Each structure stands twice: as C-alpha cells, then as structure tokens.
Amino acid sequence: MRIRLLAFAGLQDVLGARELPFEIPAGSTVTDVWELLAERNPALRAVPQPPAAVNEQYERENVKLSDGDELAFIPPVSGG
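Reference entry: report on the structure contained in this document. (Residues numbered from 1 in each chain as written. Predicted model: local features only at pLDDT ≥ 70, side-chain atom pairs only at ≥ 80, totals over all residues. Heavy atoms only, no water.)

Attention now moves to the overall build of the protein. From N to C terminus, the protein includes two helices and five strands. Tracing the protein from N to C terminus, the helices and strands come up as β-α-β-α-β-β-β. Looking at the protein residue by residue over its 80 residues, the buried ones come to 36%. Carbon together with sulfur atoms contributes 50% to the accessible area of the protein, which is approximately 5,000 Å² in total. Seen as two clouds, the 7 positive and the 12 negative side-chain charges of the protein have centres 2 Å apart. (Helix = DSSP H or I, 4+ residues; strand = E, 2+ residues; numbered from the N terminus. Buried < 20%, exposed > 50% of the residue type's maximum accessible area, 1.4 Å probe, protein only. Areas by Shrake-Rupley, 256 points an atom, 1.4 Å probe, with all protein chains shown as cover. Lys, Arg positive; Asp, Glu negative; His and termini not counted. Charge placed at Lys NZ, Arg CZ, Asp CG, Glu CD.)

In structure tokens:
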C-alpha cells in the first residue's frame with residue numbers, strides 16, 4: 001500500500017525531500033514506517049522516533065496505517 005510521507009527539519013535533510021510517496025506493507029504501523037526509514041537511511045538509527053501525525057491528527061506509534069494516509073513525523077521544537 002502507498003502512503004504520503006511528510007518530512008520536516010532534519011528528517012527532510014536526510015530524506016532529501018519534504019514529501020514522498022512511500023510503499024509499505026499492509027498492516028504497517030507508524031513505528032514500522034520509522035524502522036523502514038532507518039533501514040534505508042542509517043543516520044536515523046541514532047535518532048529517537050519523533051511524534052507522528054496521521055492525516056493531520058497526532059497518533060500513537062502503534063496506530064495502523066491505511067492506503068492513502070498522510071504520515072508526518074513531527075520534529076522536536078525548541079526556542080524561546
């Protein structure tokens with residue numbers, strides 16, 4: 001199945017794009033996608049999985065994705 005992956009900040013730099021179509025196995029969770037990204041991009045192995053939004057709603061890492069979903073990993077925010 002195919003989802004739309006949105007990347008921001010450092011993740012965008014690692015992936016080389018802000019938005020990517022991404023093929024995943026049926027029944028995949030948010031964590032499964034993060035693990036696939038880390039397999040393909042070893043720099044991510046040292047990075048903790050950030051919070052995620054599915055279809056513009058924050059979701060837990062174990063939520064299952066559906067074909068056509070939009071998944072965004074939300075980078076940490078700091079500042080003052």
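Let's shift gears to the environment of A72. Relative to the assigned elements, A72 resides in strand β5 (residues 70-73). According to the relative accessible area criterion, A72 is buried, its value standing at 7%. In the structure, A72 is positioned 44 residues away from S28 in sequence and 15 Å away in space, judged by C-alpha atoms.

For any two aromatic rings, the description comes down to two numbers: the centre-to-centre distance and the angle of the planes. Evaluated as defined, the whole model comprises one aromatic pair. Ring geometry for W34 against F73: centres 5.0 Å apart, planes inclined by 65°, an arrangement best described as edge-to-face. One end of the pair, W34, is in helix α2 (residues 30-40); the other, F73, is in strand β5, with 39 residues separating them in the sequence. The same class applies to W34 as to F73, namely buried. (Phe/Tyr/Trp six-rings, centres within 6.5 Å; stacked < 30°, edge-to-face > 60°.)

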